[in-house]
Structures are given as structure tokens and as C-alpha cells.
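Next come the chains, spelled out residue by residue.
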Amino acid sequence: MFLLLIPCVSNVYGQFIIQKELSLDYLSKSWNEYQKDTKYDLTNFSRRYFTDTVSVQEMKEAFFKNKDVKFTTSPYAGLDSVKRMGSIGESVMLWSPLKNHPKKEVRDCRGVWNRLGTFTLASLLNENGVSQEKLLKKIKDEDLKKCMNGEIITLRSPHWYMGFVVSPEADMEIYQEGRLLGKIPSAHYSDFFAYANLYSSVLDGEWYHSVNGGARLLGALQGLNTTTHAQTSEKNFSVLLYTQTYPKSKKVTYTIELLVPENPDKETEMLFKDLKRFIESLPPKSFAPYFTTDMRLMTGRYYRVTVNKCGWLIEDYLNLQ
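Given the structure is predicted, the values throughout are model-derived calculations rather than measurements.

Conventions adopted
- Residues numbered from 1 in each chain as written.
- Predicted model: local features only at pLDDT ≥ 70, side-chain atom pairs only at ≥ 80, totals over all residues.
- Heavy atoms only, no water.
- Pairing = 2+ DSSP bridges.
- Helix = DSSP H or I, 4+ residues; strand = E, 2+ residues; numbered from the N terminus.
- Phe/Tyr/Trp six-rings, centres within 6.5 Å; stacked < 30°, edge-to-face > 60°.
- Buried < 20%, exposed > 50% of the residue type's maximum accessible area, 1.4 Å probe, protein only.
- Lys NZ or Arg CZ within 6 Å of the ring centre and 35° of its normal.
- pLDDT = per-residue confidence, 0-100.
- Contact = heavy atoms within 4.5 Å.
- Axes fitted to C-alpha atoms, helices over the stretch in contact; angles between N-to-C directions.
- Arc of directions from axis to C-beta.
- Parallel < 35°, antiparallel > 145°, perpendicular 65-115°, else oblique.
- Nonpolar A, V, L, I, M, F, W, Y, C, P; charged D, E, K, R; others polar.
- Expected span 1.5 Å × (residues − 1).

Caption draft 1: Structural context of the pairing of strand β3 (residues 90-93). Note: strand β2 (residues 80-84) against β3, four bridges, orientation antiparallel. Looking at the pairing, V82 lines up with S91 of β3. Note that β3 and strand β6 (residues 150-156) share three bridges and pair antiparallel. Each residue of the ladder has a partner; that of S91, found in β6, is R156.

And the structure:
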């Protein structure tokens, strides 16, 4: 039986308004577990990496430019990739140790690495994607160890999102001449709703497999939290959700902006404002930031919203493109 039994949600998960004698334990428990299982402390990156954020204006411009685009280029294009042995999926390496190699012909290549305890160079590809087996055999292990000196940052299963290549999973490992000194992992979920919606999860799946299920859960909660849809004809609109921060107080809130239609009718505008009130009531850390392959943080989400008498359907463009 589906476990979503939440008629109304307050400003913080774990404190719910109880109506109709429905059990609210599941969502509250999920929120508590989510706080423990996910990490958002970006101070480990902020001193040197991911110090810039994709602006709201840039995210809005990206929507109108890319909302109908089907990206066929690999998100790994031009960057090293890493296969973690014993698990599915790959990661993209944002800065290759090969760039430290003394030979230019090696520096000009893209590496394909295996990761089992440490990094092992499995293949070299030139700019055209052609394997360079002869060159690979010439690379000495000692030279390669010297190249692995400093931070190696990888993004797990990067995905196209309105022209950005993103992932909520960033790992930083620190090496000294090939020896691992320490590592800093990040979150494994894009947001709380993807985490809480068990039916959106796939066994051993990647983070993006649960994104749309999380968006649907968000829509279900909104439908239970309002009755504005009860008398409406079907309406469709798209929004940008993003994080608002207040540096002096370290406060974090969320809000949305209407993307389309650009000139909404009164009914659509009323529904948008109702959703906006709900989004702005969500607690901090409901959404993880995305890391981009150009070393920035992206806090945005692009949602398509459908509202009718049956309720609210929210879909993430990550799965629609």
C-alpha cells in the first residue's frame, strides 16, 4: 500500500497537522533519516572549488533556450570518466591527473579510469575518441603516481539539464604522489522528495532515476495541502524553483518563478501563487544543490505543473528532455 497519507504539512517536516486520523509516521521518519543520510556541508569545496553559483537569470535564459532541445552529446564528452568497480554507473572527472603528465601527447588525451581502492588508468583516448593503446603501454606507473598529486573531484552519473551537466553527487579525494590521504563524499539524492518516495527508487539505480518520482510526491503533497484545484479546469504551467540565501543570517528558503505561460490567465496565476506559498514553506535542505561540470553550484529545478480537479501533477524536466 502506498504510504503517502499526509493531509497537511507544516513549515518543518516532523511536525504535521493531523486531520482525519491518518498516520503521519512515514514522512516524519523519512525526514529524520534523510537528515542523517545526506550531507550538504560544502565548506570542504568552497575554498577552491564550486565557489560560483549559476544565477537565476542564467537558469531562466537556459530554459527558454533549451526546453525543447534533446541533448545527444555525451555528458562525459571532453572529460575523463571513472568506472567504479563493483557498482553500476560511471563518474566524470573534473580535473584529470593526466594534465600533470610530463609528455604533451599524454596531456592531450582523455583518460578512462577504473576505481577499486585507487585509480587505475584503463584507456587513453585522443580528441576524436580513438584509443591510444601504444601510448598507454608507454606510461610508467611511477610517472602516473606523480601525476596524482592533489585533489581529484568526480561527479557521479552526470546528466544534461537545460544545457547544464549536473549531478548532486560530488566526491573529492586528496592524493599525494598516488597515495590516498582522504576523501569527502556528498549527497546521494537530489532532494528529500526523491528520497522519501520509495516507489520512485530503483534498486542500485542512479540518482536521476528517482527525480521524477520525487517531483510527483511534491505535487501530491501540494494537492493535499490545498483545495484550489477542486473547481478548476485543467491548467498547465512551468516554473523554476531555486534557493534563496541570506548570508548575514545563513537562512535558506525556496521560491518559484513562473516561466510559461508568460501571460497567464487569472486561474493559472491563482494556482501558481498557491504553489509558490507551499514551496516557500519548505524547510532548508529539502533540495540538494547540483554540481556542474564547469565547477559551479546550481540550486534550480525546472518543473512542469499540470493541475485539474484530480489534483497536482509535477514533473521534472530532467526526465522530460
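Caption draft 2: Quick peek at the packing of aromatic side chains. A complete count under the given rule lists 20 aromatic pairs for this structure. Measuring from centroid to centroid gives 5.1 Å for Y254 and F287, while their planes differ by 70°, and the two rings are edge-to-face. You can see Y254 sitting in strand β12 (residues 251-260) and its partner F287 sitting in the loop between α9 (266-279) and β13 (290-292), a full 33 residues away along the chain. Residue Y254 is classed as buried on the basis of its relative accessible area of 1%. Among the aromatic residues, those joined into a cluster by ring pairs are W31, Y34, Y189, F192, F193, Y195, Y254 and F287. Positioned above the aromatic ring of F119, the side-chain terminus of R115 is 5.1 Å from the ring centre.

Caption draft 3: The arrangement of the confidence of the model for the protein in detail. A residue-level look at the protein finds 86% of positions with pLDDT of 70 or above and a mean pLDDT of 84. Element-level mean pLDDT values for the protein span from 60 in helix α2 (residues 43-46) up to 98 in helix α3 (residues 56-66). Confidence drops under a pLDDT of 50 for residues 1-23, and excluding neighbours within four residues, the segment shows 50 contacts in the predicted structure.

Caption draft 4: Representation of the sheet that holds strand β4 (residues 110-116). An order of β5-β4-β2-β3-β6-β9-β10 is seen for the seven strands of this open sheet, with the pairing classed as mixed. Looking at strand neighbours, the two that pair on one side only are β5 (118-125) and β10 (179-184), the edges of this open sheet. Sheet twist, expressed as the average angle between the axes of neighbouring strands with direction ignored, equals 30°.

Caption draft 5: Expanded view of α3. Along α3, the residues classified as buried are M59, A62, F63 and N66. The arc that holds every buried residue of α3, seen down its axis, measures 105°, which confines them to one face. Buried residues along α3 sit against β8 (164-167), β11 (235-246), β12, β14 (296-298), β15 (301-308) and α10 (317-320).

Caption draft 6: Geometry of the packing of helix α8 (residues 211-224) against α9. As a packed pair, α8 and α9 sit with axes 11 Å apart at the nearest point and diverge in direction by 105°. One finds that α8 runs roughly perpendicular with respect to α9. On the side of α8, the interface is formed by L218, L221 and Q222, while α9 contributes D274, L275, F278 and I279. A breakdown of the residues in the contact of α8 with α9 according to their chemical character gives five nonpolar, one polar and one charged.

Caption draft 7: Fine view of α9. Here α9 is 14 residues long and its end C-alpha atoms lie 20 Å apart, about the 20 Å a rise of 1.5 Å per residue gives. All of the buried residues in α9 are T268, L271, F272, D274, L275, F278 and I279. The buried residues of α9 occupy an angular sector of 160° when the element is viewed end-on, so they sit on one face. Within α9, the exposed residues directed more than 90 degrees away from the buried face are K266 and R277. Along its buried surface, α9 packs onto α8, β11, β12, β15 and β16 (311-316).

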